[in-house]
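Fold and geometry: a report
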Amino acid sequence: MMFSIAKRQIPSTLRSFSTTAASSTGGGGAGFFARFGSFISGAGLTALGTEVYIFKEVREGNLEMLKKQRELEKRLAALEKKH
């Protein structure tokens, strides 16, 4: 045979992969619903902050457009008085 595997003894101090690991005293972390709840809370706060920011931007943009519209109406009225 080309490949031969030598039989050797494995020391008993080594743990084989088939045995279970000793359980740790820690809780193992948060459960699914705790993580999911945290995710939903974070996503909700982010959405709320984004909505406030977008509302502010739209409102400021509308005020600026109204200001420019009034300026155009004044210029148009001045031109109409000239002629």
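Whatever comes next refers back to the structure up there.
Summarised in this report is the structure supplied together with it. Note that the coordinates shown come from a computational prediction; the quantities given were computed from them, not determined experimentally. (Residues numbered from 1 in each chain as written. Predicted model: local features only at pLDDT ≥ 70, side-chain atom pairs only at ≥ 80, totals over all residues. Heavy atoms only, no water.)

**Quick word on the overall build of the chain**
Which entries qualify depends on this criterion: Every helix listed is a DSSP run of H or I at least four residues long, and every strand listed is a run of E at least two residues long, numbered separately from the N terminus. Exposure is judged per residue with a 1.4 Å probe applied to protein chains only, and the accessible area is read against the type maximum: over 50% gives exposed, under 20% gives buried, and values in between give partly exposed. All accessible-area figures derive from a Shrake-Rupley calculation using a 1.4 Å probe, and residue coverage is judged against the displayed protein chains alone.
Looking only at helices and strands, the chain has 1 helix and 0 strands in total. Across the 83 residues in the chain, those meeting the buried criterion constitute 0%. Of the accessible surface of the chain, which amounts to about 8,800 Å², a share of 63% is contributed by carbon and sulfur atoms.

**Overview of the packing of aromatic side chains**
Basically, it comes down to this: Two rings from Phe, Tyr or Trp (for Trp, the six-membered ring) form a pair when their centres are within 6.5 Å of each other. A pair whose planes differ by under 30 degrees is stacked, one over 60 is edge-to-face, and the rest are tilted.
Tallied over the full model, the rule gives 2 aromatic pairs. Between Phe32 and Phe36 the ring centres are 5.8 Å apart and the planes differ by 15 degrees, which places this aromatic pair in the stacked class. Taken as a pair, Phe32 and Phe36 lie in helix H1 (residues 32-82) at a separation of 4 residues, close to a single helical turn.

**Quick notes on the pattern of salt bridges**
What counts here: Salt bridges are identified by distance alone: a Lys or Arg side-chain nitrogen within 4 Å of an Asp or Glu carboxyl oxygen.
On inspection of all chains with the given rule, the structure shows 1 salt bridge. Among the ionic pairs, Lys68 bridges to Glu64, the shortest N-O distance being 3.8 Å. Taken together, the residues Lys68 and Glu64, both in helix H1 and 4 residues apart, mark about one turn of the helix. Judged by its relative accessible area of 45%, Glu64 falls in the partly exposed class.

**Structural notes on a nonpolar patch on the surface**
The test is simple: Patch definition: residues above 30% relative accessible area lacking any salt bridge, with like charges linked at up to 9 Å and the nonpolar side chains Val, Leu, Ile, Met, Phe, Trp and Tyr linked at up to 5 Å.
Together, Phe32, Phe33, Phe36, Phe39 and Ile40 give the surface a local cluster of nonpolar side chains, amounting to about 610 Å² of exposed area. Looking at where Phe33 falls in the secondary structure, it is placed in helix H1.

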